[in-house]
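# Secondary and tertiary structure notes
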Amino acid sequence: MYCDLKVSITCQRINRMAELDEPDLVMEDGRVYRNPTEMKMSQIILPCHANHRKELSVGQLLKWMDSTACLSAERHAGCPCVTASVDDIHFEHTISVGQVVNIKAKVNRAFNSSMEVGIVVSCEDLYSNRHWKVCQAFATFVARRTGKDKVRPKVHLKQLVPYTHREKLEYSVAAERRRMRLLHVDIMKDLLSDTTFQTSISESVCEGQDDEEEVPSEKTRVESVELALPSHANHQVNTFGGQIMAWMENVATIAASRLCHAHPTLRTIDMFHFRGPSQVGDRVILQAIVNNTFKNSMEVGVCAQAYQGEEPLRHINSAFMTFEVLDEEGRPCLLPRIRPEPLDGKRRFLEAIARKKIRLDRKYIISCKHTEVPLSVPWDPINQVYLSYNNVFALKMLAARNNWVLSSKKNNVRLYTLEENQCLCVRVETEVNVPAARAFVLLSDLSRRPEWDKHYKQCKLILQVDDDVIYHVLAPSVREAGKAQDFILLASRRSPCDTGDPYVLAIRSVTLPTHPPTEDMNRGEMLCAGFTIYAVSENVSKISYYNQTNPDVLPYITTDIAGLSSSFCSIFFSCSKYLMDNRV
């Protein structure tokens, strides 16, 4: 099979496909399909919702987002739900008084007792009829029993059945996002314990020390207390997660304002988790402080704790918010440096730098335009999760395309093509009498691929971390008398999360300092390709191979598509024979 080739990292953002309006789907009975979990909220922005600049308070927006998402989760669960976590939120635009904010939330996937809810916020100008996106978020909600039901086992949610093309894509990728959330805390710990990272921080801090005026971080400290009243509670008599977030945004804004003596604009809220509930009657203590500044932005850390009577403080939530100060033309202003207080202050200062690196990894590996980064992103243990996520997501995006055209068929092997944005994608598909689990084990071991693929001369394992493996692949030259090619490939292996899911093997290029390009080889690059394997029956699996071509191997592809060659067929026959010979 052809050497695995380039695929765009993603669209403009990792979930840009989900942000676009999908055409209405008309069902057989003539009704327009609507997701049964979808909830919508529309609010016109009044002065009571706005700050002194007549812009919608982000705290108020967070409350509305949380309420809409909670209603969607409860519609699917059929019982009360609580907010467990929210992924990164990046606010692209502000909303002014008189404009309308539209919030749409729907459940993307249900797991055991938790579910992912996708939230899209857009703004509407009633006078010009313009619409634009404000932000997108993914929240995790957990179903909870109440009253007498508490003695019963925890809720086991019914599975969600995706219907439209976009719902199937979000359903498929939700499991990969869940995996990334579960590893979020470990990523931070690993980065802070990395000696190379600690050394680079120390060097950069020393280089940055000059006579420039520094602001003591203590000057930005804010502490506020709120009494959780019935008006702040949900129908479970718990304080709404959105209300907690709104209070946290309020004190964070004050802390940021004390540093810059101007009105700051909230740009990003980092991924965070609720650590415990708050009830009516709680005193909620909110503390905020600027942890660090980065020329044009600052990170503010916020902590929410609660207590009643003489009980000890309970940790409710911690969040990290990034603010900017904009000039009259909307450009970020320079910010003063922070002088951290001893001990805890220095720890927060260093952790803020680590979180900035993680934010940049998430932004530029997961969600940026593919033209803005190198095709082969440097791999390290800290960004491994994001590279792996991107790898799997890109393959699933390609597999989810619904405009494939059958170009050739020979025996049981079918070759499909897809021309998009002047790129040629291919899909080769067949069925084999081998159980899907066994086929996955055999195909995911790339070190054995030379046994059946003549375009793989050699494949050596370099490194294995969990379900990700990095290989060094040698391939013959595409042109006569040319140099051989080599690749450094990251293979991300995923078993099905639920019945009906495929096995996935996604492959893309990475760079490793230990394996630089050499003069005697042409270093090839690919961003994503790979296999999906579905169980047709207990002993039969459907195997699909996906790839997007580049100029180096286009001649191989086009000869097959034009009917001048059947090399794709012979290689897949070899693959099928390899699987059959090793099925036990």
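Bear in mind that the values here come from a model prediction, so they are computed numbers and not experimental data.

### Some points on the overall build of the protein chain
Within the protein chain, the regular secondary structure consists of 11 helices and 25 strands. A separation of at least 24 residues holds for 70% of the contacts in the protein chain among residues at least 6 apart in sequence. As displayed, the protein chain offers around 27200 Å² of accessible surface, 52% of which is attributable to carbon and sulfur atoms.

### Digging into the sheet that holds strand β11 (residues 283–294)
In space, the six strands of this open sheet follow the order β3-β9-β13-β12-β11-β8, with antiparallel pairing throughout. The open sheet is flanked by β3 (89–90) and β8 (222–227), the only strands paired with a single partner. Of the strand pairs in this sheet, β11 and strand β12 (residues 297–307) are connected by 11 bridges, and their pairing is antiparallel. Bridging from a neighbouring strand, Gln-287 pairs with Cys-303 of β12. Relative to β11, helix α6 (residues 241–260) is tilted by about 40 degrees, and along the sheet it contacts β8, β9 (265–269), β11, β12 and β13 (314–324).

### Considerations on the sheet that holds strand β4 (residues 100–110)
Read from one edge of the open sheet, six strands run β1-β4-β5-β6-β2-β10, paired in antiparallel fashion. Of all the strands in the sheet, just β1 (39–44) and β10 (272–273) have a single pairing partner and so form its edges.

### Some thoughts on the environment of Val-432
Along the chain, Val-432 turns up in strand β18 (residues 423–432). Overall, Val-432 belongs to the buried group, its relative accessible area being 4%. Contacts of Val-432, omitting those with residues within four sequence positions, involve Asn-539, Val-540, Ser-541, Ile-543, Ser-576 and Leu-579.

### Some words on unusual backbone geometry
Residue Lys-54 is not a glycine yet carries a positive backbone phi of 60 degrees. Along the polypeptide, Lys-54 turns up in the loop between β1 and α2 (58–77). The exposure class of Lys-54 is exposed, given its relative accessible area of 59%. A positive phi angle is found at Asn-411, which is not glycine, with a value near 55 degrees. With respect to the secondary-structure elements, Asn-411 resides in the loop between β16 (405–410) and β17 (413–420).

### Quick look at the packing of aromatic side chains
Two descriptors summarise a pair of aromatic rings, namely the distance from one centre to the other and the angle between the planes of the rings. Counting across every chain of the model gives seven aromatic pairs. A cation over a ring is seen here: Arg-109 above Tyr-171, with NZ or CZ 3.9 Å from the ring centre. Directly above the aromatic system of Phe-138 lies the positively charged group of Arg-177, at a separation of 3.9 Å from the ring centroid.

### Overview of the nonpolar core
The biggest cluster of nonpolar side chains holds 70 residues, and the ones touching the most others in it are Met-65, Met-115, Ile-119, Met-298 and Val-300. The dominant element in this core, judged by the number of residues it contributes, is α6, at 10 residues. Residues within four places of Val-300 in sequence aside, it is in contact with Ala-252, Ala-255, Ala-256, Ala-288, Ile-289, Val-290, Asn-291, Ala-319, Phe-320, Met-321 and Phe-323. Within the second largest apolar cluster, 38 residues are counted, among which are Leu-446, Cys-459, Tyr-503 and Tyr-545.

### A closer look at the packing of helix α3 (residues 165–182) against helix α8 (residues 384–400)
In contact at an axis separation of 10 Å, α3 and α8 are set at 165 degrees when each is read in the N-to-C sense. Here α8 runs roughly antiparallel to α3, going by the angle between their axes. Crossing hand, α3 versus α8: right-handed. Contacts between α3 and α8 involve His-165, Leu-169, Ser-172, Val-173, Glu-176, Arg-177, Arg-179 and Met-180 from the former and Val-385, Tyr-386, Ser-388, Tyr-389, Val-392, Phe-393, Lys-396, Met-397 and Ala-400 from the latter. Of the residues that constitute the contact of α3 with α8, the class distribution is 10 nonpolar, three polar and four charged.

### Let's talk about the packing of α2 against α6
Between α2 and α6, the least distance of the axes is 8 Å, while the angle of their chain directions is 165 degrees. Between α2 and α6, the crossing angle belongs to the class labelled roughly antiparallel. Here α2 and α6 pass one another in a crossing that is right-handed. When α2 is examined against α6, the residues Val-58, Gly-59, Leu-62, Lys-63 and Asp-66 are found in contact with a partner set consisting of Gly-241, Gly-242, Gln-243, Met-245, Ala-246 and Glu-249. Across the contact of α2 with α6, the residue classes break down as four nonpolar, four polar and three charged.

### Quick look at the side chain of Asn-292
Among the secondary structure elements, Asn-292 is positioned in strand β11. In terms of polar contacts, Asn-292 uses its side chain to reach the backbone carbonyl oxygen of Phe-349, at 3.1 Å. For Asn-292, the contacting residues outside a window of four places in its chain are Met-298, Glu-299, Ile-338, Phe-349, Ala-352 and Ile-353.

### Topic: the pattern of salt bridges
This structure, assessed with the given rule, holds 34 salt bridges. Salt-bridge contacts for Arg-494 lead to Glu-176; the nearest nitrogen and oxygen are separated by 2.8 Å. Taken together, the residues span a long stretch of sequence, with Arg-494 in strand β21 (residues 484–494) and Glu-176 in helix α3 at a distance of 318 residues. For Arg-359, the salt bridge identified is with Glu-299, shortest N-O distance 3.5 Å. A residue pair is termed long-range when its members are at least 10 positions apart, and Arg-359 in helix α7 (residues 344–367) and Glu-299 in strand β12 qualify at 60 residues. Through salt bridges with shared partners, one network takes in Asp-270, Glu-299, Asp-344, Arg-347, Glu-351, Arg-355 and Arg-359.

### Here we look at helix α9 (residues 436–443)
All of the buried residues along α9 are Ala-436, Ala-439, Phe-440, Leu-442 and Leu-443. The arc that holds the buried residues of α9, viewed along the axis, is 165 degrees, so those residues lie on one side. Residues of α9 that are buried make contact with β21, β22 (503–511), β24 (529–535), β25 (541–548) and α11 (567–581).

### Concerning the confidence of the model for the protein chain
Per-residue confidence for the protein chain gives a mean pLDDT of 85; residues scoring 70 or more make up 85%. Under a pLDDT of 50 for its full length, residues 1–20 has, in the predicted model, 102 contacts with residues more than four places off or in other chains. The low-confidence segment residues 369–373, where pLDDT is below 50, has eight contacts with residues more than four positions distant or belonging to other chains.

### Let's talk about the side chain of Thr-83
Within the secondary structure layout, Thr-83 lies in strand β2 (residues 81–86). For Thr-83, the side chain forms a polar contact with the side chain of Asp-66, separated by 2.7 Å. Thr-83 has contacts with Asp-66, Thr-140, Phe-141 and Phe-274, leaving out every residue within four places of it along the chain.

The rules behind each value
- Residues numbered from 1 in each chain as written.
- Predicted model: local features only at pLDDT ≥ 70, side-chain atom pairs only at ≥ 80, totals over all residues.
- Heavy atoms only, no water.
- Helix = DSSP H or I, 4+ residues; strand = E, 2+ residues; numbered from the N terminus.
- Contact = heavy atoms within 4.5 Å.
- Areas by Shrake-Rupley, 256 points an atom, 1.4 Å probe, with all protein chains shown as cover.
- Pairing = 2+ DSSP bridges.
- Axes fitted to C-alpha atoms, helices over the stretch in contact; angles between N-to-C directions.
- Buried < 20%, exposed > 50% of the residue type's maximum accessible area, 1.4 Å probe, protein only.
- Phe/Tyr/Trp six-rings, centres within 6.5 Å; stacked < 30°, edge-to-face > 60°.
- Lys NZ or Arg CZ within 6 Å of the ring centre and 35° of its normal.
- Core = buried A, V, L, I, M, F, W, Y, C linked by side-chain atoms within 4.5 Å.
- Parallel < 35°, antiparallel > 145°, perpendicular 65-115°, else oblique.
- Left-handed = near helix turned anticlockwise from the far one by under 90°.
- Nonpolar A, V, L, I, M, F, W, Y, C, P; charged D, E, K, R; others polar.
- Polar contact = N/O pair within 3.5 Å; in protein donor to acceptor, adjacent residues only side chain to side chain.
- Salt bridge = Lys/Arg side-chain N within 4 Å of Asp/Glu carboxyl O.
- Arc of directions from axis to C-beta.
- pLDDT = per-residue confidence, 0-100.

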